[in-house]
Amino acid sequence: MRASMKVELNKKIIDVGTVEPATLAALLTLHGLGAPGQAVAVDNRVVARADWPTTPLRDDMKITVITAVCGG
């Protein structure tokens with residue numbers, strides 16, 4: 001059994017002890033995120049969408065999801 005792990009998702013602390021597999025893609029799916037037009041940064045570095053399924057979650061990771069908005 002994996003020890004409890006917490007990450008920050010858009011400035012909210014989330015316990016990810018139940019996310020399997022423990023990847024960025026799984027976490028985003030669980031929270032209804034990752035739609036087209038959204039970008040993700042981990043610890044202030046943008047993560048390419050193709051890398052989400054292979055980016056492992058780790059304790060205290062800071063994840064920011066940004067949604068593009070059209071208009072002027």
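Not measured: the values here are computed from a predicted model.

A. Looking closely at the overall build of the chain. The helix and strand inventory of the chain stands at one helix and five strands. Across the chain, helices and strands are ordered from the amino to the carboxyl terminus as β-β-α-β-β-β. Counting only C-alpha atoms and orienting by the principal axes, one finds that the chain spans roughly 50 × 25 × 20 Å. Looking at the chain as a whole, 35% of its 72 residues qualify as buried. For the chain, the accessible area works out to roughly 4,900 Å², and carbon and sulfur atoms hold 58% of it. Taken together, the 8 basic and 7 acidic charged side chains of the chain have centroids lying 5 Å from each other.

B. Structural context of the side chain of Gln-38. Following the sequence through the fold, Gln-38 ends up in strand β3 (residues 38–42). A polar side-chain atom of Gln-38 sits 2.6 Å from the main-chain amide nitrogen of Gly-34. Only 3.1 Å separates the side chain of Gln-38 from the side chain of Thr-67, close enough to count as a polar contact. When sequence neighbours within four positions are dropped, the list of residues in contact with Gln-38 reads Leu-33, Arg-49, Trp-52, Val-65, Ile-66 and Thr-67.

Rules of the game
Residues numbered from 1 in each chain as written. Predicted model: local features only at pLDDT ≥ 70, side-chain atom pairs only at ≥ 80, totals over all residues. Heavy atoms only, no water. Helix = DSSP H or I, 4+ residues; strand = E, 2+ residues; numbered from the N terminus. Buried < 20%, exposed > 50% of the residue type's maximum accessible area, 1.4 Å probe, protein only. Areas by Shrake-Rupley, 256 points an atom, 1.4 Å probe, with all protein chains shown as cover. Lys, Arg positive; Asp, Glu negative; His and termini not counted. Charge placed at Lys NZ, Arg CZ, Asp CG, Glu CD. Polar contact = N/O pair within 3.5 Å; in protein donor to acceptor, adjacent residues only side chain to side chain. Contact = heavy atoms within 4.5 Å.

Remember that the coordinates give geometry; whether it matters functionally is a separate question.
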